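Structural overview
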Amino acid sequence: MPDAHVLCHHLGCGSAVSLPPHGHFGMGTGMPRSDALRCSGSERHPGQCPVEVLGQPACPPGHTAAVNCSGVAEPLRLHGGESRCDGWLEVAVRPGVWARVPVGLWDNGTATVVCRQLGCGVPEKIHAVPANGSGPIELQELRCVGTEELLAQCNATRMAAEPSKNPEELAIACSGSKQLRLVGGRGRCAGRVEVYSEGTWGTICQDSWTLQDATVVCRQLGCGWALEAPGSERFGPGTGTLWLGAGGCAGTEDALWHCPAPVQRGCRRGGGAGAVCSGLLDLRLMGEAADAVGTWRCCMRGRGVVFAPMAPALPRPLLSAASWDVAQQGV
């Protein structure tokens, strides 16, 4: 279901309400793709979701993915962040017109309602950002207690005839905005571990970093299992703040922030914990590149494997329902 939520939000069609049976809306045209998406639900579009490509089974005939969206776009958004769950708050006043929200005394309650309505968890950080000057319309004030189910139930004053002189606008980072990436390696499946939390990217302390921790990272990114858990000597220490919520993983958790991180009193070795995953593959096309025909050559940890010749490019592919996230249909 998280995969479907991301698609519906991206199309401006609200949230996903159901996943019909395979092929419910017909076969479509083109060759179905068997890529396995691993969306968390906070991504702005499917292209931001981790994807498992190699090793996925072929899509059976007729198993084209399908989704029913609510058709009602949310009348609010968090704009300008790394995901749809963080950024400065904007409220729709009419189709295509968004009002900015200045900082105020009721921001804690407002942030609670916003995160809940967007399906983004709870507020992790509430802060002020410089006014971006994207438009002349703004709410004079938005008052939420925090118990409201919808932002429309909060007290909102009329629109300002002119922009206020307040140079700051309300920005929110919800718990659903957390992201994970590997930086500094070859490809997306090897590198320094970085976590996006509370609106900023941070590195992880090396002191207690283990192969079990790296295993959770690799699985979460759709990169297989962990081969190594190197320190900063491999991919560098990185920059930014240290994220202290990592470590203590058993290796079975589905996300790094679900591990029982040990209490850290300082970080002796500094940031730069890394991971090298089994999905680290180096693919290149050998042959007539101009015709998109040739032989795929794969190298993994120094071992070469040659795949069968590739066929010419085909029409735009469909997404296979075999890879669509149906396991969580009841969520």
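Placed above this text is the structure.
Residues numbered from 1 in each chain as written. Predicted model: local features only at pLDDT ≥ 70, side-chain atom pairs only at ≥ 80, totals over all residues. Heavy atoms only, no water.

**Details of the side chain of aspartate 213**
Within the secondary structure, aspartate 213 is located in helix H3 (residues 211-220). For the buried aspartate 213, no salt bridge exists, and the shortest N-O distance to an oppositely charged side chain is 10 Å, to arginine 219. Looking at aspartate 213, its side chain comes within polar contact range of the main-chain nitrogen of cysteine 249, at 2.9 Å. Setting aside residues up to four positions removed in sequence, aspartate 213 forms contacts with Ser208, Gly247, Gly248, Cys249 and Leu256. (Helix = DSSP H or I, 4+ residues; strand = E, 2+ residues; numbered from the N terminus. Buried < 20%, exposed > 50% of the residue type's maximum accessible area, 1.4 Å probe, protein only. Lys, Arg positive; Asp, Glu negative; His and termini not counted. Salt bridge = Lys/Arg side-chain N within 4 Å of Asp/Glu carboxyl O. Polar contact = N/O pair within 3.5 Å; in protein donor to acceptor, adjacent residues only side chain to side chain. Contact = heavy atoms within 4.5 Å.)

**Regarding the state of the cysteines**
One covalent bond between the sulfur atoms of two cysteine residues makes up a disulfide. For the structure shown, the criterion picks out nine disulfides. Bridging cysteine 205 to cysteine 267, the disulfide has an S-S length of 2.1 Å. As the torsion about the S-S bond is roughly 100°, the cysteine 205-cysteine 267 disulfide counts as right-handed. In this pair, cysteine 205 sits in the loop between strand E15 (200-204) and H3 while cysteine 267 sits in the loop between strand E17 (241-243) and strand E18 (274-277), placing the two residues 62 residues apart along the sequence. Accessibility expressed as a relative area gives 4% for cysteine 205, which makes it buried. The side chain of cysteine 249 participates in a disulfide bridge whose partner is cysteine 259; the two sulfur atoms lie 2.0 Å from each other. For the disulfide bridge between cysteine 249 and cysteine 259, the dihedral angle about the S-S bond is near 100°, and by the sign convention the bridge is right-handed. With cysteine 249 in the loop between E17 and E18 and cysteine 259 in the loop between E17 and E18, this residue pair connects regions lying 10 residues apart in the sequence. (Disulfide = S-S within 2.5 Å.)

**Structural notes on the pairing of strand E7 (residues 86-94)**
With five bridges connecting them, strand E6 (residues 76-80) and E7 associate as antiparallel partners. Residue leucine 78 lies in a different strand from E7, and its bridge partner there is leucine 89. Counting the residues that bridge the hairpin from E6 to E7 gives five residues. In this structure, E7 lies alongside strand E12 (residues 168-174), joined through three bridges in antiparallel fashion. In the sheet register, aspartate 86 faces E12, and the bridge partner there is alanine 173. A loop of two residues connects E7 with strand E8 (residues 97-100), the two strands running antiparallel in sequence, and glycine 96 in this loop sits at a positive phi of about 85°. (Pairing = 2+ DSSP bridges.)

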